[in-house]
Amino acid sequence: MNGGNPPQNMNNGQVMTMPNPAMPSPNTPNPNGNPNMPPVNPAMGVPAAPMAIERKGSVVETIILVLVCLIAAAAIVAAVIFFMQLREAQTENEFKTNEAVAAAVKEAQEVEAAKYAEEKKEPRQQYCGPADYGSVCFYYPKTWSVYVDSDARNNSDFVAYFAPKQVNPIKEDDSRYALRFTIMNKQYEDVAKNYQKKVEKSEMTYKTWNSDNKKMSGALYEGQIDKQIRGIVLLIKVNDKTVIMQTDAETYRSDYEALIASLRRNS
């Protein structure tokens, strides 16, 4: 034995070290002997982090991540809804714009068509009743047709029907005419009685009428002529006879007013 030298490990040639009694071993319990205290970290000499704290931190992080995802999802949904509403509003505006343009074009076409129709009526044609019935004359649109009812003439009355393009059959009750030109072999007062009764029943209105040259005068009635026809009727006294000028529809008002304004007696 070498009395002055420490023993050596003959297998690996390393020096054997003796444990330091001042350093706790890795499995050394808490120096205070409290089993509830965490074990000592051998490297740092401080207690290790509890597992409960680590789990709590993981739960909080998960909750935060879930909240962030929900907020992001809500933002995406809100953005999608916003863009859908924006697109819907744009589509509606485009529809309204197209609708307004179409309405404007249609209105312009209708105005142009009406203008063309009015131009086609000119020059207006003159029509005169029989001389033995007072020779009452007026001007009507050249686009109108006229039909004289010969049967009425046999009953001592003169009746002529006017309508655009062609005159519908006279015997049909639902036929409407732009003008019914009648010269009745009756006194004016007798004919006017029937219309005055309608005025008293508030079925028709009444006002006096004078031609442009002030040489003809009469009474203008407007309203419910009979059960099926609502229109305008002008009564004029001509000698011992009565002239009746009737339009069957509001559609012909402007032409009718121009027509009766042109009334003259060719005598």
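These numbers come from a predicted model, not from an experiment. (Residues numbered from 1 in each chain as written. Predicted model: local features only at pLDDT ≥ 70, side-chain atom pairs only at ≥ 80, totals over all residues. Heavy atoms only, no water.)

A closer look at the state of the cysteines
Alright, step 1. Overall, the coordinates contain one disulfide when judged by the stated rule.
Alright, step 2. Put simply, Cys128 and Cys137 are joined by a disulfide, and their sulfur atoms are 2.0 Å apart. In this structure, the disulfide formed by Cys128 and Cys137 twists by about 115° around the S-S bond and is classed as right-handed.
Alright, step 3. Owing to a relative accessible area of 2%, Cys137 belongs among the buried residues under this scheme. (Disulfide = S-S within 2.5 Å. Buried < 20%, exposed > 50% of the residue type's maximum accessible area, 1.4 Å probe, protein only.)

Here's the deal with helix 3 (residues 188-200)
Alright, step 1. Compared with the 18 Å implied by 1.5 Å per residue over 13 residues, the 18 Å span of helix 3 between its first and last C-alpha is a close match.
Alright, step 2. The axis of helix 3 is deflected most strongly, by about 30°, at Asn194.
Alright, step 3. Considered for burial, the residues of helix 3 that qualify are Tyr188, Val191, Ala192, Tyr195 and Lys198.
Alright, step 4. Residues of helix 3 that are buried sit in contact with strand 5 (179-184), strand 6 (204-210), strand 7 (217-224), strand 8 (230-238) and strand 9 (241-247).
Alright, step 5. Phi turns positive one or two residues past the end of helix 3, at Ser202, with a value near 65°. (Helix = DSSP H or I, 4+ residues; strand = E, 2+ residues; numbered from the N terminus. Expected span 1.5 Å × (residues − 1). Bend = angle between axes of the 7 residues up to and from the residue. Contact = heavy atoms within 4.5 Å.)

Structural notes on the sheet that holds strand 1 (residues 125-128)
Alright, step 1. Pairing within the open sheet is antiparallel, and its three strands lie in the order 1-2-10. Only two strands of the sheet have a single partner each, and these edge strands are strand 1 and strand 10 (264-265). (Pairing = 2+ DSSP bridges.)

Section: the pattern of salt bridges
Alright, step 1. Within the structure shown, the criterion is met by eight salt bridges.
Alright, step 2. With a closest N to O distance of 3.7 Å, Lys198 and Glu203 form a salt bridge.
Alright, step 3. For Glu222, the salt bridge identified is with Arg253, shortest N-O distance 2.2 Å. One end of the pair, Glu222, is in strand 7; the other, Arg253, is in helix 4 (residues 253-261), and 31 residues separate them in sequence.
Alright, step 4. Each of Glu222, Glu250, Arg253 and Glu257 takes part in one network of salt bridges that share partners. (Salt bridge = Lys/Arg side-chain N within 4 Å of Asp/Glu carboxyl O.)

Focus: the packing of aromatic side chains
Alright, step 1. Scanning the model with the defined rule gives 13 aromatic pairs in all.
Alright, step 2. Between Trp144 and Tyr252, the aromatic rings sit 6.4 Å apart at their centres with planes inclined by 80°, giving edge-to-face as the arrangement. In this pair, Trp144 is assigned in strand 3 (residues 144-148) and Tyr252 in the loop between strand 9 and helix 4, connecting sequence segments 108 residues apart. Side by side, Trp144 and Tyr252 carry an identical accessibility label, which is buried.
Alright, step 3. Here a set of aromatic residues connected by ring pairs shows up, and it is made of Tyr127, Tyr133, Phe138, Tyr140, Phe158, Phe162 and Phe181.
Alright, step 4. Sitting over the ring of Tyr133, Lys241 keeps its end group 5.6 Å from the ring centre. (Phe/Tyr/Trp six-rings, centres within 6.5 Å; stacked < 30°, edge-to-face > 60°. Lys NZ or Arg CZ within 6 Å of the ring centre and 35° of its normal.)

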